[in-house]
Amino acid sequence: MLTTRGLDKSFGSLVVARDIAISLPQGVRYALIGPNGAGKTTLINLMTGMLRADGGQIVLGGEDITALGPEERVRRGLVRTFQINSLFPHLTPLEAVTLAICERERIARTWWKNTADYRAAVDEAYGVLKSLSLGAVCYRQTHELAYGQQRLLEIALALATKPKVLLLDEPAAGVPREESSELFTAINNLSQDITILFIEHDMELVFRLASRIIVMVGGSILLEGTPDEIAADPRVREVYLGGAHG
Amino acid sequence: MAAASPALADPHHYLATQIRWRRIEVVFWLSTLLPFVLTPDYLVLGSQIAVTALFALSLDLILGYAGIISLGHAAFFGFGAYTAGLIAKWGWGEPITGLAIAGAAAGLLGYLMSFVISRFRHLALIMITLGFGLLLLEAANSASWLTGGADGLQGVRMWPLLGAFKFDLWGVTAYWYALIVLFLLFLVARRITNSPFGLSLRGIRENAVRMRAIGAESRPHIRKIYTISAVMAGVAGAVLTQTTETVSLGVLDFQRSADILVILILGGAGRLYGGLVGAIIYLIARDQFSGINPQYWYFPIGVLLIIVVLFLPNGILGGLAQLIYSERGQRWFGWLTAPLRRERKS
């Protein structure tokens, strides 16, 4: 579904991505792990076009999207969420998700009709919110929501764009452990058609939910494999236990 | 800010309630008719307030809704004012077509300008709009063969409105005219803010980065609202010209851009009525204070501003809304903010 070839990026002399080649087939749940500063978020920024790669190629569903801006990539189904909440504080979740749907359906340029007249869009927005158990709070302003609910809204906004590939940047960042398990259950329940790549530091969650794992270190991909392979690999142990991280 | 209502479960009902006319809105618009009866000597001031309110409304659409700051919005107000004045001076004194042409001219200028505006945000925008405003002011000043320069544009003669109502000395026609134009464009603005387009504008204001991440291009939206805002500002300027039958360089002045920003923030940005309430309070206060002390009337205005910003960071309307939507406020004033009875069966 999503393939990158030879992605490079450096800031001055600092190389943050070196020859990144990954291939995500449809419907697979990938975890992207690695120590702090390994370049995980940078990779998401490169794939979604928030950062321009110095070299390399990104292909989504057979189409080369390397030259496209972030908006066009989203329209083609490559969508991300943010590690630090990036929401619309003074919109209600219902408004925010409806906004995303209106933009997707290209009715966002209509100024002579009320939003409420687009009943299908509103229904869909409400459906998305309910599926992430946000139905009860969807009329309150986003900034009034509990932190965990805001993390869910991050995902709801991404889902509203009908993604083919969903890149989740630490979806449970800052969420207490008991709740993060719930959050990942919600992620696990997402449609199996969606390819998911998520960054997560909690290894228990990673091993529970990912069908494949990519390990990044120092801007490069160290290895990729099934959870069992990763758990058994001595290099991963080295990085996580022997390195500065531990 | 949303008031709790019993039928919370249904999103359609919720959204429909959000956009329904409220009793307090009806009260507000009806009370704009009171000056005809209560203060007939102040109708000239009334039409100035209506013009300023419309100008503030135009700024609210870009600043309050889309988050685009402008310190040069008088450019469009003045452009509309001069356009309307010149049309009348050159022999076409029919007000309504003149108004339309002036609005279109200001809109065209706004459209061209929007290509620059949509590329910048925050401080850069302040500088650009400020510079653009000064540029236009000096252009009008130097082109005195066209604009009359510092002496103002002379010889603006308006025909009677609809061929029947002369613009009189007491401002009866002027107030009617300004009020109707304000109300019609307010309806447009209200519709815009309740539309999917208006929702996207608020999204841009709240988080432009996230807009990109949900696949939304902000620039076309910004260009569109900037053009609409310029039309409204131009119409406001044109109404001023037509009701006073003169144009001075003051319509393009930096002071006017600054005043309108102050008025909007005073009233409360992003609430449609903020600019209207701000215009009423500001102009009446100025009228009263300058009556008391013609020389230092900006002093009490300054005090008023500081008090409002210190105690009501969201403007007068923001403070009122907080009061009214509190639990006790709803008990006392709930009937005012309740939507009009108009249950639609569907």
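Residues numbered from 1 in each chain as written. Chains lettered and ligands numbered in written order. Predicted model: local features only at pLDDT ≥ 70, side-chain atom pairs only at ≥ 80, totals over all residues. Heavy atoms only, no water.

Student: Would you mind going over the packing of helix α5 (residues 74-89) of chain B against helix α6 (residues 95-117) of chain B with me for this structure?
Tutor: Axes are the key here: two packed helices are described by the angle between their axes and the distance separating the axes. Residue and element names in this part refer to chain B. Between α5 and α6, whose axes approach to 8 Å, the crossing angle comes to 140°. Judged by the twist between their axes, the crossing of α5 over α6 is right-handed. Here Phe-76, Phe-79, Gly-80, Thr-83, Ala-84 and Ile-87 of α5 come into contact with α6, specifically with Gly-98, Ile-101, Ala-102, Ala-105, Ala-106, Leu-109, Gly-110 and Met-113. Looking at the contact of α5 with α6, its residues break down into ten nonpolar, four polar and no charged. (Axes fitted to C-alpha atoms, helices over the stretch in contact; angles between N-to-C directions. Helix = DSSP H or I, 4+ residues; strand = E, 2+ residues; numbered from the N terminus. Left-handed = near helix turned anticlockwise from the far one by under 90°. Contact = heavy atoms within 4.5 Å. Nonpolar A, V, L, I, M, F, W, Y, C, P; charged D, E, K, R; others polar.)

Student: When you look at the sheet that holds strand β5 (residues 63-64) of chain A in this model, what are you seeing that I'm missing?
Tutor: Whether parallel or antiparallel, the strands of a sheet pair through hydrogen bonds between backbone atoms. All names here are of chain A. With respect to topology, four strands assemble into an open sheet ordered β2-β1-β4-β5, the strand pairing being antiparallel. Single-partner strands in this sheet number two, and they are β2 (14-24) and β5. The sheet contact formed by strand β1 (residues 2-11) and β2 spans seven bridges and is antiparallel. Bridge pairing in β2 links Leu-2 to Leu-24. (Pairing = 2+ DSSP bridges.)

Student: Would you mind showing me how to read the interface of chain B and chain A here?
Tutor: Accessible area lost on assembly of the parts is the figure often given for the size of an interface. If you look at the interface, chain B gives 37 residues, while chain A gives 44 residues. Around 3,700 Å² of area is buried between chain B and chain A when both sides are counted, 59% of it from carbon and sulfur atoms. The interface formed by chain B and chain A holds three salt bridges in total. Taking the shortest distance from any N to any O, the salt bridge between B:Arg210 and A:Glu154 comes out at 2.5 Å. Along the contact surface separating chain B from chain A lie 19 residue pairs in polar contact (both at pLDDT 80 or more). At the level of secondary structure, the elements contributing two or more residues to the side of chain B that touches chain A comprise α1 (11-19), α9 (172-193), α10 (196-206), α11 (208-213) and α12 (218-244) of chain B. It is α10(B) that contributes the most residues to the side of chain B that touches chain A, eight residues altogether. (Buried area = accessible area lost by both parts, 1.4 Å probe. Salt bridge = Lys/Arg side-chain N within 4 Å of Asp/Glu carboxyl O. Polar contact = N/O pair within 3.5 Å; in protein donor to acceptor, adjacent residues only side chain to side chain.)

Student: Would you mind showing me how to read the pairing of strand β8 (residues 195-199) of chain A here?
Tutor: Looking down a regular strand, the side chains alternate between one sheet face and the other. Residues and elements named next belong to chain A. Burial of β8 is extensive: five of the five residues sit out of reach of the surface. Covered by surrounding structure in β8 are Thr-195, Leu-197 and Ile-199 together with Ile-196 and Phe-198, the residues of both alternating faces. Pairing geometry for strand β3 (residues 29-33) and β8, over four bridges, is parallel. Looking at the pairing, Arg-29 lines up with Ile-196 of β8. Bridging between strand β7 (residues 165-169) and β8 involves five bridges; their strand directions are parallel. Within β8, the position partnered with Leu-168 by the bridge is Phe-198. (Buried < 20%, exposed > 50% of the residue type's maximum accessible area, 1.4 Å probe, protein only.)

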